[in-house]
Amino acid sequence: MPSQQLDMEVMTPLIENPGGVGQEEENSEEDQDPELLPVRHYELGNSHQGITFTQALIHLLKGNIGTGLLGLPLAVRNAGVIVGPLCLVLMGVVCVHCMHILVNCSHHLCERLKRPPLGYSDTVAFSMEHSSYQCFRKSARFGRHLVNFFLVLTQLGFCSAYFVFLAENIKQVVEGYQGVNITLAAESLSFANTSMVPAPVPLPTMVPSEPWALDLRLYMLFFLPFLILLVFMKDLKNMAVLSLLANVCMAVSVIIIFQYITTDFGDLHRLPLTSPLGKFPFFFGTAIFAFEGIGVVLPLENQMKEPKRFPTALNIGMGITIVLYVVLATLGYLHFGDDIKGSITLNLPHNAWTNQMVKILYSFGVFVSFAIQFFVPAEIMIPPVQARLRKSWRAPCEMILRGLLVCLTFSFAVLIPRLDLVISLVGAVSSSALALVFPPLVELITFSDRPLKPAMLVKDLVIAVVGFIGFLAGTYVTLAEIVSPEEPPEVIREAAQNLTVAAATAVAGALGMSEELGGNWTTPTAAVTLG
């Protein structure tokens, strides 16, 4: 049970103090309401002993394997059977490198400022506050709020995707069960009519009818009250048993999916090696959505008994994740071809109870994960509101706000009831910023007081520029598909192709700048110091 309790506590260090940088000097802890001080659960109880190397490895796998994994076969379709897996590996390597950047910058700031371990928004805020550039120092508080904003946006986006996932999979289970019963009823009537004994007039109740064709949004509405009740559990430690069961259910489901898709690969020649360039932004959004674990990297590293071993755990854990992603994405696309849907579970036929069980088990895992993903935005957004209220109103206000936040994710899912579009939009808008844009910029700001190597400068700029253009292109094509699904695809693909070409041009320009600079590059501050 201790490992499951630590799994719940991993999410807590993501919640930073919502105040600005330097607020510690302005307001002491004695001046604040103790009930509103940020609670660091990982500093309570026996967890001060830290987590082991194996536990950190397991948490890394849990933090990255979710609904995004099941959408990767569709991502490969949008890139091509050759380009897709190669780009997925490349994106995984870049994301792992950005995770290492965050860890290194956090270590550097902790040693330089003599501070305890930092989280994501702490690292961004203090790197800006102690930068050699005045414009960054003045914007340190904005940097903290910006990271917290994208953390909230990402986690609420995951919750919206979970709404659509639950509705689509349970809808298939219900309709598949009804379809089987209708087929059996039709076969029994046919046998009775063809038998030697005169068949009685069939009763109206025995006449096969069409299965219920309930709208997908009604299934979402069905889950709404249950998810609201689930998020009323404010202490994630109470969900340790549910979390363990959810992890087991999702693991069993993935094994069954692998067993099914490896039975037949179909005709490989029917699949394109590369897809049109205009569809690549959809690949980018779906793929970057899958690498959703960057937010738990620093909390995990901060809780390890031996923090020096964390880079090894990160490399092993993310290596396993990348291999799992590439294999499932490729085999899933090879098996189902262009018929692949937003989640591979939606392609599993209804004629086997194991396939239906996969959808139920994975849906249970996603249902429990909703509360864990919801924990971060709730703890970032609710305490500032409570601080403005009287003490007697804080508890009911928290319940109301939690319910309203769930309704917000429900509304977003109702507006976009397509799992592939929700995943692509959330990945392009928020996951790209947290995973690709912020880390390289933080590295440049953190080490702006020393000469920068041209290789590091170009590398960071290329990653940030590609991430930003991926954000623009992915957001544009997804919104265009949402707003005008009947629009000729050539119009959208042409605009997306222009944005993708712009990214390639930016990379080429950065590489050319690197050749011109050679080895003589220093930052302006460093140049003055050396002069």
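Residues numbered from 1 in each chain as written. Predicted model: local features only at pLDDT ≥ 70, side-chain atom pairs only at ≥ 80, totals over all residues. Heavy atoms only, no water.

Chemist: Tell me about unusual backbone geometry, residues and numbers included.
Modeler: Positioned with a positive phi, Lys114 is a non-glycine residue whose angle comes to about 55 degrees. Tracing the backbone through its elements, the reader meets Lys114 in the loop between α6 (83–113) and α7 (120–129). In this structure Lys114 comes out as exposed when scored by relative accessible area, which is 72%. (Helix = DSSP H or I, 4+ residues; strand = E, 2+ residues; numbered from the N terminus. Buried < 20%, exposed > 50% of the residue type's maximum accessible area, 1.4 Å probe, protein only.)

Chemist: For the nonpolar core, give the residues involved together with the corresponding values.
Modeler: The biggest cluster of nonpolar side chains holds 127 residues, and the ones touching the most others in it are Leu88, Phe163, Leu227, Phe370, Phe374 and Val406. Setting aside anything within four residues of it in sequence, one finds Phe374 in contact with Leu156, Cys159, Val231, Arg402, Leu405 and Val406. (Core = buried A, V, L, I, M, F, W, Y, C linked by side-chain atoms within 4.5 Å. Contact = heavy atoms within 4.5 Å.)

Chemist: Explain the side chain of Glu168 to me, and be specific about the residues and the numbers.
Modeler: Looking at the element boundaries, Glu168 is found in helix α9 (residues 140–194). If we skip the residues at most four places from it in the chain, Glu168 touches Leu216, Leu346, Pro417, Arg418 and Leu419.

Chemist: Quick rundown of the packing of aromatic side chains? Include the residues and the values.
Modeler: Considering all chains together, one arrives at 14 aromatic pairs under this definition. Here the aromatic rings of Phe150 and Phe438 are separated by 5.5 Å at their centres, their planes lie at 75 degrees, and the arrangement is edge-to-face. Highlighted residues: Phe150 in helix α9 and Phe438 in helix α17 (residues 419–446), separated in sequence by 288 residues. Residue classification places Phe150 among the buried residues on the basis of a relative accessible area of 12%. Their ring planes at 70 degrees and their centres at 5.1 Å tell us that Phe291 and Tyr325 sit as a pair that is edge-to-face. Note that Phe291 is positioned in the loop between α12 (280–290) and α13 (297–303) and Tyr325 in helix α14 (residues 310–336), a separation of 34 residues in sequence. Here Phe291 falls in the buried class, since its relative accessible area comes to 2%. With relative accessibility at 0%, the residue Tyr325 sits in the buried group. By the ring-pair criterion, three or more aromatic residues cluster together here, those being Phe163, Phe370, Phe374 and Phe410. Its end group placed over the ring of Phe53, Arg309 keeps NZ or CZ at 4.3 Å from the ring centre. (Phe/Tyr/Trp six-rings, centres within 6.5 Å; stacked < 30°, edge-to-face > 60°. Lys NZ or Arg CZ within 6 Å of the ring centre and 35° of its normal.)

Chemist: Break down the packing of α6 against α14 for me, with residues and values.
Modeler: Running from amino to carboxyl end, α6 crosses α14 at an angle of 160 degrees, the nearest separation of the two axes being 10 Å. With respect to α14, the element α6 is oriented roughly antiparallel. Seen from above, α6 lies across α14 with right-handed handedness. Here Pro85, Leu88, Val89, Gly92, Val93, Val96, Met99, His100 and Val103 of α6 come into contact with α14, specifically with Phe310, Pro311, Leu314, Asn315, Met318, Ile322, Tyr325, Val326, Ala329 and Thr330. Here the contact of α6 with α14 is composed, by residue class, of 15 nonpolar, four polar and no charged. (Axes fitted to C-alpha atoms, helices over the stretch in contact; angles between N-to-C directions. Parallel < 35°, antiparallel > 145°, perpendicular 65-115°, else oblique. Left-handed = near helix turned anticlockwise from the far one by under 90°. Nonpolar A, V, L, I, M, F, W, Y, C, P; charged D, E, K, R; others polar.)

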